[in-house]
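Notes for the structure review
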Amino acid sequence: MKKNDVQYYADQGIFISLDEYGVRDCPNIKAALEEFPTMAEALECSDGKFYVLPEVNNAIHNTYRGGRLHYYMPWFRDNDIAVPQTLDEFTEYLRWVKTSDANGNGKPNEIPLAFWKDESIVRNTISALAKPFMPWVMTDTYWGLAVEDGVVTEQYRDERFRDALRYMNMLYKEGLIMENSFSISQDELRAIGESEEGPAIAVIGAFGADGHVQRGGPRWAESFFIMPPLEGANGDKWAPNKDPWNMFIPGLMVTDNCADPALAVALYNYMVGFEVSMDGYIAPKGIGWDDLDSDGISLRGDGAKYKLLVNWGTQPENSGWNQNNPMMRNSDFRLGEQAQDFETAEEWLETGNPDLLEQVYSNPSFNEIANYKTASGLMEWAIPDEYFIPPMALSPEDNARVADINAVLDPFKLQAFSEFITGARDIESGWDAYLAELDGMGSTEMVEIMQKYYDGR
């Protein structure tokens, strides 16, 4: 849930203020507030109070990989093809996949680029392909809404974004984007990705390497490679990073129907303690995680805090809450994991040496090592923080108006972009009508409201 949504329900009296129940004095929550002074700014509502029980997820792979493409590495390795560094090279690689029997099964079943119909995945893929054209913003709160030279800007009106849509339309018309990507389910796509006839998908628009395959197997490890920032014709080359406030999450809200809010706050404080969080995150101690080895070294190179017994996502079914439990995942939590067999995982990510494959995907630390390494390599091209709209507390009236506009605008943008890409809406003759529809939905009014608060922050 977004901060503006929390504000909306707080204004309705549905979510209650938790300050009077000592939320800031609970030991685990207090420690997080002291460690992250900007967390209060990110989550407090317009009256300066907490209507949420805050959560932290300080993961560099969440910050620096928000809008990314994963690729199947062996087709580059086995055919002596360099990983693309420019948009033109990327396009030529997709064409090569379409016209070559990359998986060697004698059938033209290779798919250059695919994704599935989930809204967040479609947004992710469009964002990844917009970044060679402009510093396109994709965050957990805003999509295509940025601050450029101090002005809140609708990037989805920009001619550079129109060029990005033209490019995606060209890929679609050439059959380089799987035709039913906008309608296929993830389960249906995984059936293709896991086919016994051999790997079929070259590039996947997904948040993780498990978008089209199951975690913990060879194809998962072979797909844990992220397309580098691609340089476009105008020299743009941007990482898929999010805003610096994305680590702060509304974890849990207490409604006006709660019989004992103080007990709810105390329970939450207990649940975000380290051991309870770990048990819910992956599985109970001894099943999903355990104490570190005596010589255990963390991902950041110092003493570790714990070690995993399985890669996240491969734990026994119903053994944990799969990250749906509240947690305070600071850097000590995220980077304090023992990096088991770090050298082998690092060599795999650098060389793709097939002799290392089984050793890599069976390593309980591989998922987090790969997350850390792939995210670290993107930082150099990160969109500067000033492009991102900071957390702002709007008045109840303005917040309700922005919420009403976005309720119509967000699904319209997704539909319009998809139609431009597939050709259902013509990118040339239909652009002015698209801009007029944005006006009719109140997008200009929304930006004026956001600008007022940005200037007054």
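Below: a short report on this structure. Owing to the predicted nature of the structure, the values given are computational and were not obtained by experimental measurement.

How each quantity is defined
Residues numbered from 1 in each chain as written. Predicted model: local features only at pLDDT ≥ 70, side-chain atom pairs only at ≥ 80, totals over all residues. Heavy atoms only, no water. Patch = residues over 30% accessible without salt bridge, like charges linked within 9 Å, V, L, I, M, F, W, Y side chains within 5 Å. Areas by Shrake-Rupley, 256 points an atom, 1.4 Å probe, with all protein chains shown as cover. Salt bridge = Lys/Arg side-chain N within 4 Å of Asp/Glu carboxyl O. Buried < 20%, exposed > 50% of the residue type's maximum accessible area, 1.4 Å probe, protein only. Helix = DSSP H or I, 4+ residues; strand = E, 2+ residues; numbered from the N terminus. Polar contact = N/O pair within 3.5 Å; in protein donor to acceptor, adjacent residues only side chain to side chain. Contact = heavy atoms within 4.5 Å. Pairing = 2+ DSSP bridges. Phe/Tyr/Trp six-rings, centres within 6.5 Å; stacked < 30°, edge-to-face > 60°. 1 Å grid on protein atoms, 1.4 Å probe; cavity = no way out; pocket = protein on both sides within 12 Å on 5 of 7 lines; lining within 4 Å. Points joined across faces, edges and corners; volume = space filled by probe spheres on them. Nonpolar A, V, L, I, M, F, W, Y, C, P; charged D, E, K, R; others polar. Core = buried A, V, L, I, M, F, W, Y, C linked by side-chain atoms within 4.5 Å. Axes fitted to C-alpha atoms, helices over the stretch in contact; angles between N-to-C directions. Parallel < 35°, antiparallel > 145°, perpendicular 65-115°, else oblique. Left-handed = near helix turned anticlockwise from the far one by under 90°. Arc of directions from axis to C-beta.

Concerning a nonpolar patch on the surface
- Taken together, the side chains of Met-1, Tyr-9 and Ile-14 define a hydrophobic patch exposed on the protein surface, amounting to about 260 Å² of accessible area.
- With a relative accessible area of 34%, Ile-14 lands in the partly exposed category.

Re the side chain of Ser-319
- On the secondary structure map, Ser-319 appears in the loop between strand 10 (307-308) and strand 11 (328-329).
- On the basis of relative accessible area, Ser-319 is assigned to the buried category, the value being 17%.
- Here the side chain of Ser-319 touches Pro-316 through a polar contact of 2.6 Å, landing on its backbone oxygen.
- Beyond its immediate stretch of four places on either side in the chain, Ser-319 contacts Asp-279, Ile-282, Ala-283 and Pro-284.

Some words on the sheet that holds strand 6 (residues 201-205)
- Strand order in the open sheet formed by 4 strands is 3-6-2-7, with mixed pairing between adjacent strands. Where the open sheet ends on each side, the last strands, each with one partner, are strand 3 (111-114) and strand 7 (225-226).
- Bridge analysis of strand 2 (residues 69-71) against strand 7 gives 2 bridges, and the strand direction is antiparallel. In the sheet register, Tyr-71 faces strand 7, and the bridge partner there is Phe-225.

Some points on the pattern of salt bridges
- In the structure shown here, the tally under the stated rule is 31 salt bridges.
- Close ionic contact of Arg-157 with Glu-154 constitutes a salt bridge, the shortest N to O distance being 2.8 Å.
- When its relative accessible area of 21% is taken as the criterion, Arg-157 is described as partly exposed.
- Classification of Glu-154 by relative accessible area gives buried; the value is 11%.

Remarks on the packing of aromatic side chains
- Taken as a whole, this structure holds 29 aromatic pairs when the rule is applied.
- Ring geometry for Phe-115 against Phe-182: centres 5.1 Å apart, planes inclined by 85°, an arrangement best described as edge-to-face. Here Phe-182 lies in the loop between helix 8 (159-173) and helix 9 (186-193) and Phe-115 lies in the loop between strand 3 and helix 7 (119-130), a separation of 67 residues in the sequence.
- Ring centres 6.4 Å apart and planes at 50° place the aromatic pair Trp-238 and Tyr-387 in the tilted group. Of this pair, Trp-238 sits in the loop between strand 7 and strand 8 (248-252) while Tyr-387 sits in the loop between helix 16 (366-376) and helix 17 (396-422), placing them 149 residues apart in sequence.

A short note on unusual backbone geometry
- Positive phi is not limited to glycine here, since Asp-80 has a value of about 55°.
- Inspection of the secondary structure assignment puts Asp-80 in the loop between helix 5 (74-78) and helix 6 (87-99).
- Look at Asp-80 and you get exposed, because its relative accessible area is 73%.
- Backbone geometry at Asn-322 places phi at a positive 50°, although glycine is not the residue there.
- Position of Asn-322 relative to the elements: it lies in the loop between strand 10 and strand 11.

Comments concerning the layout of surface pockets
- In this structure, the second largest pocket spans a volume of roughly 340 Å³.
- Around the second largest pocket, the lining is made up of 17 residues, and of these Ile-226, Leu-349, Lys-373, Thr-374 and Gly-377 lie nearest the centre.
- Of all the secondary structure elements, the ones that give two or more residues to the lining of the second largest pocket are strand 7, helix 14 (342-351) and helix 16.
- At 3 residues, helix 14 tops the list of elements feeding residues into the lining of the second largest pocket.
- Tallied by class, the residues present in the lining of the second largest pocket amount to 11 nonpolar, 3 polar and 3 charged.

Considerations on the nonpolar core
- In terms of nonpolar packing, the biggest core is built from 94 residues, with Phe-90, Tyr-156, Phe-161, Val-203, Trp-348, Phe-366 and Tyr-434 touching the most fellow members.
- Among the elements that make up this core, the one with the highest residue count is helix 17 (9 residues).
- Among the nonpolar cores identified, the runner-up in size contains 34 residues, and Leu-18, Val-23, Phe-36 and Ala-146 belong to it.

Some thoughts on the sheet that holds strand 1 (residues 53-57)
- Read across the sheet, 3 strands follow the order 8-1-11 without closing on themselves; strand pairing throughout is mixed. Of all the strands in the sheet, the pair left with one neighbour each is strand 8 and strand 11.

Here's the deal with the packing of helix 8 against helix 17
- Look at helix 8 against helix 17: their axes get within 7 Å of each other, and the N-to-C directions meet at 50°. For the element pair helix 8 / helix 17, the angle class is oblique. Judged by residue contacts, Phe-161, Leu-165, Met-168, Asn-169 and Tyr-172 of helix 8 engage Phe-417, Phe-420, Ile-421 and Thr-422 from helix 17.

Some words on the packing of helix 14 against helix 16
- At their nearest, the axes of helix 14 and helix 16 sit 10 Å apart, and the two run at 55° to each other. The angle between the axes of helix 14 and helix 16 places the two elements in the oblique class. As helix 14 runs across helix 16, the sense of the crossing is right-handed. Of the residues in helix 16, those in contact with Phe-342, Ala-345, Glu-346, Trp-348, Leu-349 and Glu-350 of helix 14 are Phe-366, Ile-369, Ala-370 and Lys-373.
- Here the residues of the contact of helix 14 with helix 16 are counted per class, giving 7 nonpolar, no polar and 3 charged.

Examining helix 1 (residues 3-11)
- All of the buried residues in helix 1 are Lys-3, Asn-4, Val-6, Gln-7 and Ala-10. What you see down the axis of helix 1 is that its buried residues fit within an arc of 155°, all on one side.
- Along its buried surface, helix 1 packs onto helix 3 (38-43), strand 8 and helix 17.
- Count one or two residues on from helix 1 and you reach Gly-13, which has phi positive near 80°.

Points about the environment of Asp-149
- Mapped onto the secondary structure, Asp-149 falls in the loop between strand 4 (145-148) and strand 5 (151-154).
- Each C-alpha atom, one on Asp-149 and one on Gly-280, is 43 Å from the other, the two residues being 131 residues apart in sequence.

A few points about helix 18 (residues 431-440)
- All of the buried residues in helix 18 are Trp-431, Tyr-434, Leu-435 and Leu-438. For helix 18, the angular spread of the buried residues around the axis is 100°, confining them to a single face. Of the residues in helix 18, the exposed ones pointing more than 90 degrees away from the buried face are Asp-432 and Gly-440.
- Tucked into the core, helix 18 has its buried residues touching helix 8, helix 17 and helix 19 (443-455).
- The first or second residue beyond helix 18 is Gly-442, which carries a positive phi of 90°.

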